[in-house]
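A closer look at the structure
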Amino acid sequence: MSSKISDKFTVSPIHLFFLMYVCIVDVNFLNFQRKVVREAGQDAWVAAIIVWLCSHILVWMMFKILSNQNPKRADFVSINLTYFGKFIGACINHLIILYFVLGALVAYRSYLESILVLLFPTMNLWPISIVFLVLFYYAVSGGFQTVAGICFWAFLVVIIIFPPLLLSAIPNLHPQNILPFFNHTPMQILKSSHQFAFSFLGAEVLLGIYPYIQTQAKAQKWAHIAIATSGLFFLVALIMSLMYFPQSQLFRIMWPTLKGIGIIELPLLQRVEYLVLSIWVIKTLASVSVGLWIACHSLKTSWRTKPSNNLIMILILFVLFQLFINDPEKLTIVKMIHANVGFYFAYIYIPIMFVITMVSKKFSKGLHHRS
């Protein structure tokens, strides 16, 4: 039996960059600033850099974990079963699958909420929801290569549109707003880092898609480039928000990134944020599709069920979720639950798995030398 998955189901290493980027720079990118700034004020950029560097370390740990497994079984489902046994491993797997499903739900529902708040306050969400559900089904049922292709287009569209918009906003910025530097205590910086870590999640998708990356030894650099690019996007958006909005105002703004872009005036287009939200459709489609694909294929490995049946079941959960989470307060609670779970997943679970992998590797080498 081959130790690798057939090339017709896999993608080249560079696609890992697009897959990780769209999962990190998701809808949180539009409103992360006010929580980060609340603790560290104009020094929040220091907190962003700390989390940025920590994310590189987490990616390095994940590659150490995954590279020590059978290439075909190098995902969290197989690893947990190997390290923790069938019962405990299955429980952990189902919790992680639920985390990915919840992440997809939050990204999808948060985008709908942004449309409702900023574009059409009186709109019925069900027509656009049905369109989204059909798109999700089409994307995920098309296979991993289709999902990766959507992630490529999501990156390309954003990278073409955003830099010119950010450059257009420069004349309206006030650099003195980020002065003085280092005016907050280390504890305040750490609290701000904790808040930023909630928004800078997504790299953990590597644990679900690694077996479907070709030439896995060459993929690590693209994962680190994805972290670097995503961190740069967040850092630029944070600094520009600090330089444009007074801190007292930034605390009260629900969507600072969109409000900042809204100051730009373009010919024939008075509300630039409408354009940005329209473009963000493909970003939402991409990030949700990655989470759904991981959940469906992890359930396939765990339950031996068809991914298409798993997908239909999860999309039904999307409908039920929208029925019950029907106001911003409930959505905020669900987002905080997901963010907290994601924080522990990234900063507790991954380091523990790294330690177990390194100890297991050393123990195996010791036994080999004795024999």
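Note: the structure precedes this text.
First, a word on what this report is: a plain description of the structure on this page. Here the structure is a predicted model, which means the values were calculated and not measured.

Thresholds, definitions, all that
Sequence order sets the numbering: in each chain, residues are counted from 1 along the sequence as written. Local features in this predicted model are restricted to residues whose pLDDT is 70 or higher, and side-chain atom pairs enter the listing and the counts only when it is 80 or higher, whereas totals over whole chains, interfaces and linings include all residues. To obtain the side-chain values, all non-hydrogen atoms of the structure were used and water was disregarded. Numbering of helices and strands runs from the N terminus; a helix is a DSSP stretch of H or I covering at least four residues, while a strand is a stretch of E covering at least two. Contacts are assigned to residue pairs with any non-hydrogen atoms lying within 4.5 Å of each other. Remark: exposure states derive from per-residue accessible area (1.4 Å probe, protein chains only) relative to the maximum for the residue type, with buried under 20%, exposed over 50%, and partly exposed in between. A side-chain nitrogen of Lys or Arg and a carboxyl oxygen of Asp or Glu constitute a salt bridge if their distance falls within 4 Å.

**Some words on the environment of Val-288**
The topology assignment puts Val-288 in helix α12 (residues 272–303). Leave out the neighbours within four places in its chain, and Val-288 touches Ala-104, Ala-107, Tyr-108, Phe-136 and Phe-318.

**Side note on the side chain of Thr-229**
Relative to the elements of secondary structure, Thr-229 occurs in helix α9 (residues 220–244). Overall, Thr-229 belongs to the buried group, its relative accessible area being 18%. Leave out the neighbours within four places in its chain, and Thr-229 touches Phe-17, Tyr-21 and Phe-155.

**A few points about the pattern of salt bridges**
Opposite charge on two side chains lets them pair, provided their charged atoms get close. On inspection of all chains with the given rule, the structure shows two salt bridges. In this structure, the salt-bridge partner of Glu-113 is Arg-109, at a minimum N-O distance of 3.1 Å. A residue pair is termed a helical-turn pair when its members lie 3 or 4 positions apart in one helix, as Glu-113 and Arg-109 do in helix α4 (residues 76–118) at four residues. Glu-113 gets classed as buried once you look at its relative accessible area, which sits at 8%. For Arg-109, a relative accessible area of 3% puts it in the buried group. Between Asp-327 and Lys-330 there is a salt bridge whose closest N-O contact spans 3.9 Å. The exposure class assigned to Lys-330 is partly exposed, which follows from its relative accessible area of 36%.

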